[in-house]
Amino acid sequence: MKPELSEARMQEVLDLCRDLIRIRSYSGEEQDVAGRLAQFCTSHGFDDVHTDEYGNLIAVIKGRRSGPTILMDGHMDTVPVQDEDAWTHDPFGAEIEDGILYGRGTSDMKCALACMAAAAAYFAEDTDRDFAGQAVVAGIVHEECFEGVAARAVSRAVKPDLVIIGESSDLQLKIGQRGRAEILLETYGIPAHSSNPDKGCNAVYAMCRAVDKIRTLPCTEHPFLGKGILELTDIKSLPYPGKSVVPEYCAATYDRRLLTGETKESVLAPLQKILDELQQEDPSFRGKVSYACGEETCYTGETIGAERFFPAWLLEREDENVLKVMDSFRKHGYEPQITKYSFCTNGSHYCGEAGIPALGMGPSSESVAHTVDESVRVEELGAAAQIYEWMLEGLLGG
């Protein structure tokens, strides 16, 4: 069976998606998206609709009977549009052509969030709220800066029993992902005039030695999630520009894709070992490895920050929650593949940090996120809203 909505519901979902796309909501600018979603949820009789200290939207709809709390998670922020002239459609125009909706956030991930809000509303209507538990729709801020950090406040407040992550999945069921860490490698030297380099110690040469050794490290690997990649992404030295000065400082950034079971300590250990070995070989070598940190300001005025370490997560195919939603899908004639995300999501907090089971499902494809002419097929929006309702049916009854 092809998942789809009635014509009236399809139009309502599409209108909500287009409204959200037309609102620019870079990280720290999510307030108007939160307002439009709050308006939709309030008009559909959600029991509680509010924003927290960071500006996360939390909308709750309750069943008549007690039961689990299912959190439907989607982030409201998007990455910036770097060059509007490169787009063939207005990135904030929500234009539709040949059945495709274009705009920043169509894939990543305003449309999924709209479909989640609609699915929760339609599920309550279709069951006359005769279900056990509650569905909570959360619009998260600053996900593009810190996967799962703002979500920590939501999980503390809501205490979900399971989280549905709405990131793009081609409407297939995701049961895990690699995590992500941003590692900062620093080396230190002694400044000197470049006409007398022997009077100093070049921090860049020290960095080159460290980088060469790090490249020999074997990748960790997981049979389902793949390789724990460690890739150099940038490098800089100080002073810059040098202007006849031997550099006294050099910093390199590594992107590390994390696997389940890897910890902050275990990931840094082999890098620290290399630095220790280099120092033993040459007492003038000085280096340090750590996790990069970041801090941003929310639209509420609160600051949000974190060490950039976002864990991997994975459910077993035989997990009861996987079985419940798959049974519900099959009941309606839908058979998605069970697979994994390639990129990082808020699941890094929910399942990776907090141990709350998480499942991923969303319209559009991972490969479309952050791209010029980001888009989603309109028919996928109706399908996603229906699929989310089936997930709630399997998890909450009704």
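In what follows, the accompanying structure is described.

Calculation notes
Residues numbered from 1 in each chain as written. Predicted model: local features only at pLDDT ≥ 70, side-chain atom pairs only at ≥ 80, totals over all residues. Heavy atoms only, no water. Pairing = 2+ DSSP bridges. Helix = DSSP H or I, 4+ residues; strand = E, 2+ residues; numbered from the N terminus. Contact = heavy atoms within 4.5 Å. Axes fitted to C-alpha atoms, helices over the stretch in contact; angles between N-to-C directions. Polar contact = N/O pair within 3.5 Å; in protein donor to acceptor, adjacent residues only side chain to side chain. 1 Å grid on protein atoms, 1.4 Å probe; cavity = no way out; pocket = protein on both sides within 12 Å on 5 of 7 lines; lining within 4 Å. Points joined across faces, edges and corners; volume = space filled by probe spheres on them. Nonpolar A, V, L, I, M, F, W, Y, C, P; charged D, E, K, R; others polar. Core = buried A, V, L, I, M, F, W, Y, C linked by side-chain atoms within 4.5 Å. Buried < 20%, exposed > 50% of the residue type's maximum accessible area, 1.4 Å probe, protein only. Salt bridge = Lys/Arg side-chain N within 4 Å of Asp/Glu carboxyl O. Phe/Tyr/Trp six-rings, centres within 6.5 Å; stacked < 30°, edge-to-face > 60°. Parallel < 35°, antiparallel > 145°, perpendicular 65-115°, else oblique. Expected span 1.5 Å × (residues − 1).

## A word on the sheet that holds strand 5 (residues 100-102)
(1) Moving on: Taken in spatial order, the three strands of this open sheet run 4-5-21, and their pairing is antiparallel. The strands lining the two open edges of the sheet, one partner per strand, are strand 4 (96-97) and strand 21 (375-377).
(2) Moving on: Note that strand 4 and strand 5 share two bridges and pair antiparallel. When the sheet's bridge partners are listed, Ile-96 is paired in strand 5 with Leu-101.
(3) Moving on: Set on the sheet, helix 1 (residues 7-21) makes contact with strand 4 and strand 5; between it and strand 5 the angle comes to about 25°.
(4) Moving on: Where helix 9 (residues 378-396) meets the sheet, its contacts fall on strand 4, strand 5 and strand 21, and the angle it forms with strand 21 comes to roughly 70°.

## Here's the deal with the side chain of Ser-107
(1) Moving on: For Ser-107, the position within the fold is in the loop between strand 5 and helix 3 (110-127).
(2) Moving on: Here the side chain of Ser-107 touches Ser-364 through a polar contact of 3.1 Å, side chain to side chain.
(3) Moving on: For Ser-107, the residues in contact, after removing those within four places along its chain, are Ser-168, Pro-363, Ser-364, Ser-365, Val-368, Ala-369, Glu-374 and Ser-375.

## Some details on the layout of surface pockets
(1) Moving on: Its boundaries defined by the atoms lining it, the largest pocket holds a volume of some 310 Å³.
(2) Moving on: Ile-214, Leu-217, Pro-218, Cys-219 and Leu-230 are, among the 17 residues lining the largest pocket, the residues nearest its centre.
(3) Moving on: Secondary structure elements with two or more residues in the lining of the largest pocket: helix 5 (203-214), strand 12 (230-238), strand 13 (249-258) and helix 6 (264-281).
(4) Moving on: Here the lining of the largest pocket is built from residues that sort into 12 nonpolar, two polar and three charged.
(5) Moving on: Approximately 210 Å³ is the volume attributed to the second largest pocket.
(6) Moving on: Lining the second largest pocket are 13 residues, with Asp-108, Glu-144, Glu-147, Cys-344 and His-370 positioned closest to its centre.
(7) Moving on: Here the residues of the lining of the second largest pocket sort into four nonpolar, two polar and seven charged.

## Concerning the nonpolar core
(1) Moving on: Ranked by internal contacts, the top residues of the largest apolar core, which has 98 residues, are Leu-381, Tyr-388 and Met-391.
(2) Moving on: Residue contributions to this core peak at 14 residues, all from helix 3.
(3) Moving on: The next biggest cluster of nonpolar side chains, apart from the first, holds 23 residues, and it includes Ile-183, Ile-214, Val-267 and Leu-275.

## Regarding the side chain of His-349
(1) Moving on: As for its placement among the helices and strands, His-349 is situated in helix 8 (residues 347-353).
(2) Moving on: Residue classification places His-349 among the buried residues on the basis of a relative accessible area of 6%.
(3) Moving on: Once residues lying within four places of it in the same chain are set aside, the contact partners of His-349 are Gly-148, Ala-151, Arg-152, Ser-155 and Ala-354.

## A look at the pattern of salt bridges
(1) Moving on: For the structure shown, the criterion picks out 22 salt bridges.
(2) Moving on: Residues Arg-308 and Glu-182 are paired through a salt bridge, measuring 3.7 Å at the closest nitrogen-oxygen approach. Here Arg-308 is found in the loop between strand 16 (303-307) and strand 17 (309-310), whereas its partner Glu-182 is found in strand 9 (residues 179-188), with 126 residues between them in sequence.
(3) Moving on: Take Arg-308: its relative accessible area is 13%, and that puts it in the buried class.
(4) Moving on: Note on Glu-182: relative accessible area 25%, which makes it partly exposed.
(5) Moving on: Between Glu-335 and Arg-330 there is a salt bridge, with the nearest N and O atoms lying 3.1 Å from each other.
(6) Moving on: The exposure class assigned to Arg-330 is partly exposed, which follows from its relative accessible area of 43%.

## Description of the packing of aromatic side chains
(1) Moving on: Following the criterion strictly, the structure yields seven aromatic pairs and no others.
(2) Moving on: With 5.2 Å between their ring centres and 75° between their planes, Tyr-291 and Phe-309 make a pair best called edge-to-face. With Tyr-291 in strand 14 (residues 287-291) and Phe-309 in strand 17, this pair connects stretches of sequence that are 18 residues apart. For the pair Tyr-291 and Phe-309, a shared accessibility class is recorded, and that class is buried.

## Some thoughts on the pairing of strand 3 (residues 65-75)
Look at any regular strand and the pattern is simple: side chains alternate between the two faces of the sheet.
(1) Moving on: Bridge count between strand 3 and strand 6 (residues 132-140): eight bridges; the pairing is parallel. Among the inter-strand pairings, Asp-73 is bridged to a residue of strand 6, identified as Ala-138.

## Considerations on the packing of helix 1 against helix 9
Packed helices, taken two at a time, are described by the angle between their axes plus the distance between the axes.
(1) Moving on: Where helix 1 meets helix 9, the closest approach of the two axes is 10 Å, and the angle between their N-to-C directions is 110°. Between helix 1 and helix 9, the crossing angle belongs to the class labelled roughly perpendicular. Side by side, helix 1 and helix 9 meet where Arg-9, Met-10, Val-13, Leu-14 and Cys-17 of the first sit next to Val-378, Leu-381, Gly-382, Ala-385 and Glu-389 of the second.
(2) Moving on: The residue inventory of the contact of helix 1 with helix 9, partitioned by class, reads seven nonpolar, one polar and two charged.

## Focus on helix 1
(1) Moving on: Along its 15 residues, helix 1 runs 21 Å from first to last C-alpha, staying within 8% of the 21 Å computed at 1.5 Å per residue.
(2) Moving on: Buried residues along helix 1 sit against helix 2 (31-43), strand 4, strand 5, helix 3 and helix 9.

## Quick word on unusual backbone geometry
(1) Moving on: Here the amide bond leading from Asp-108 into Met-109 is cis, since omega sits at -15°, within 30 degrees of zero.
(2) Moving on: With respect to the secondary-structure elements, Met-109 resides in the loop between strand 5 and helix 3.
(3) Moving on: Unlike most non-glycine residues, Asp-98 shows phi in positive territory, near 55°.
(4) Moving on: With respect to the secondary-structure elements, Asp-98 resides in the loop between strand 4 and strand 5.

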